[in-house]
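# Per-entry structural report
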Amino acid sequence: MLPPQNKRDDPAPGTEERLVGSDADGEDQAVEAALRPKDLDEFVGQEKVRQQLDLVLRAARQRGATADHVLLSGAPGLGKTTLSMIIAAEMGAPIRITSGPAIQHAGDLAAILSSLQEGEVLFLDEIHRMSRPAEEMLYMAMEDFRVDVIVGKGPGATAIPLELPPFTLVGATTRAGLLPPPLRDRFGFTGHMEFYEPAELERVIHRSARLLDVEIGEEGAAEIAGRSRGTPRIANRLLRRVRDYAQVEADGVITRDVAGTALAVYEVDARGLDRLDRSVLQALLKLFGGGPVGLSTLAVAVGEERETVEEVAEPFLVREGLLARTPRGRVATPAAWAHLGLVPPQGGGGGAPGIGQGGLFGA
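Note that the structure is predicted; figures quoted are calculated from it, not measured. (Residues numbered from 1 in each chain as written. Predicted model: local features only at pLDDT ≥ 70, side-chain atom pairs only at ≥ 80, totals over all residues. Heavy atoms only, no water.)

Summing up its helical and strand segments, the chain has 15 helices and 11 strands in all. The proportion of buried residues among the 363 residues of the chain is 47%. Long-range pairs, those at least 24 residues apart, make up 69% of the contacts in the chain between residues at least 6 apart in sequence. Element-wise, carbon and sulfur atoms account for 50% of the exposed surface of the chain, whose accessible area totals about 16,800 Å². (Helix = DSSP H or I, 4+ residues; strand = E, 2+ residues; numbered from the N terminus. Buried < 20%, exposed > 50% of the residue type's maximum accessible area, 1.4 Å probe, protein only. Contact = heavy atoms within 4.5 Å. Areas by Shrake-Rupley, 256 points an atom, 1.4 Å probe, with all protein chains shown as cover.)

For glutamate 135, the position within the fold is in helix H5 (residues 132-144). A relative accessible area of 4% means that glutamate 135 is categorised as buried. The residues contacting glutamate 135, other than those within four sequence positions of it, are Met130, Pro180 and Leu183.

All right, on to helix H11 (residues 275-287) then. For H11, with 13 residues, the first-to-last C-alpha span of 17 Å sits near the 18 Å given by 1.5 Å per residue. Here H11 has its buried residues at Leu276, Asp277, Arg278, Val280, Leu281, Ala283, Leu284 and Leu285. In the core, the buried residues of H11 are packed alongside helix H12 (295-302), helix H13 (306-319), strand S10 (323-326), strand S11 (329-332) and helix H14 (334-339). Following H11 by one or two positions, glycine 289 adopts a phi angle in the positive range, close to 60°. (Expected span 1.5 Å × (residues − 1).)

Attention shifts here to unusual backbone geometry. Although it is not a glycine, arginine 229 sits at a positive phi angle of roughly 60°. Assignment of secondary structure puts arginine 229 in the loop between helix H8 (218-226) and helix H9 (232-249). With relative accessibility at 9%, the residue arginine 229 sits in the buried group. If you check the backbone angles, glutamate 267 has positive phi at about 65° while not being a glycine. If you trace the backbone, glutamate 267 turns up in the loop between helix H10 (256-265) and H11.

Counting residues in each nonpolar core, the largest one holds 49 residues, and the members touching the most others are Leu83, Ile205, Ile216, Ile224 and Ile254. Among the elements that line this core, the one with the most residues is H9, at six residues. With near-sequence residues (within four places) excluded, isoleucine 205 lies in contact with Ile216, Ala221, Ile224, Ala225, Ala235 and Leu239. Counting residues in hydrophobic clusters, the runner-up holds 24 residues, among them Ile103, Ile112, Leu122 and Phe187. (Core = buried A, V, L, I, M, F, W, Y, C linked by side-chain atoms within 4.5 Å.)

A few words on the confidence of the model for the chain. Of all residues in the chain, 85% have pLDDT values of 70 or greater, and the mean over the chain is 82. When mean pLDDT is compared element by element in the chain, strand S1 (residues 70-73) scores highest at 92, while helix H15 (residues 357-361) scores lowest at 38. Note that residues 1-15 has pLDDT below 50 and, in this model, 36 contacts with residues that lie over four places away or in other chains. Across residues 349-363, where pLDDT falls below 50, the model places 32 contacts with residues more than four positions away in sequence or in other chains. (pLDDT = per-residue confidence, 0-100.)

Before going further, it helps to examine the environment of valine 309. Topologically, valine 309 is positioned in helix H13. On the accessibility criterion, valine 309 (0% relative accessible area) is buried. Among residues more than four places away in sequence, those in contact with valine 309 are Val280, Leu295, Leu298, Ala299, Val302, Glu304 and Glu314.

Let's shift gears to the sheet that holds strand S2 (residues 95-99). One open sheet accounts for five strands, arranged S2-S3-S6-S1-S7; its pairing is parallel. Each having just a single partner strand, S2 and strand S7 (189-192) make up the two edges of the open sheet. Across the sheet, the mean angle separating the axes of adjacent strands is 15° when strand polarity is ignored. Of the pairings in the sheet, the one linking S1 to strand S6 (residues 168-173) comprises four bridges and is parallel in character. (Pairing = 2+ DSSP bridges. Axes fitted to C-alpha atoms, helices over the stretch in contact; angles between N-to-C directions.)

Along the chain, leucine 122 turns up in strand S3 (residues 121-125). Residue leucine 122 is classed as buried on the basis of its relative accessible area, which comes to 1%. With 38 residues separating them in the primary sequence, leucine 122 and serine 84 have C-alpha atoms 8.7 Å apart. Aside from chain neighbours lying at most four places away, what touches leucine 122 is Arg96, Thr98, Ile112, Leu113, Leu116, Thr168, Leu169 and Val170.

Written out as structure tokens, the structure reads:
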């Protein structure tokens, strides 16, 4: 297996040291390499995608052919890279890893494609961020296993056809809607990765604990799973931090109390909110009565960039039903008031008690 090539993009502002951030830093990538399952039987969760992918790979092996191109979409940290490596392992093929932002010119892609071996798996992370010229070259490569390399410039330029060995492209994206239809249609299999249920994360945590030689109880695993935002990467990161706390402050065994105390030290609450998330909610509730309030105003109130609030904090708060985006601005839900132990203002002021038409647009 070839080493990764610029696989990860730069983290979003405000996420570099976030314990519950879904992007992988250097430590995460090193640990994930040791914790990744090696085949589909070991892979936890994503049952539908796993079963469908198993059929695709088994059929390809029986035909003695390369597997169809695969597109995996979903939030960061759900296992897209892991599945790409499993695809290569199941097919007995090497894998090459790169990313969309690393391919800025068609020549960059041509250099990668021309060096592929027959049956090799090319994993292209954040495929929606690839440059347009490279994207158009990829159409022909995926469909006909051929690329046209342009030699020279201007009227004297010549297109030299280059035949490629059959290969399998595995594309991963966090924003499938940004993929142009011609590219999306060339994938033989498309799988959407869902957030994990707590019970599935508990299985992930128990498996990782065994590999890390950490003793953990059922309740301790449940406590960590409940704060992991439905994401295995975050679950493994929290497990490592709780392990450190248990080693230093306890007897090394992770129980519910140890896990809860450790994550309180790291400012991760019972629903997985961290300091940034709570700052946004507290500003929305205490300073603006639950909203509606504009994004820029809310960002100034918490001392963060607008992009940090919108791209880092809001997605999880919206998914948890703690915040709503409306035409008039951001609005807290009743669940947000309850989570912070605050009482919403009487009379429906600020749109806090409800998100319906009456609460937002009624006179």
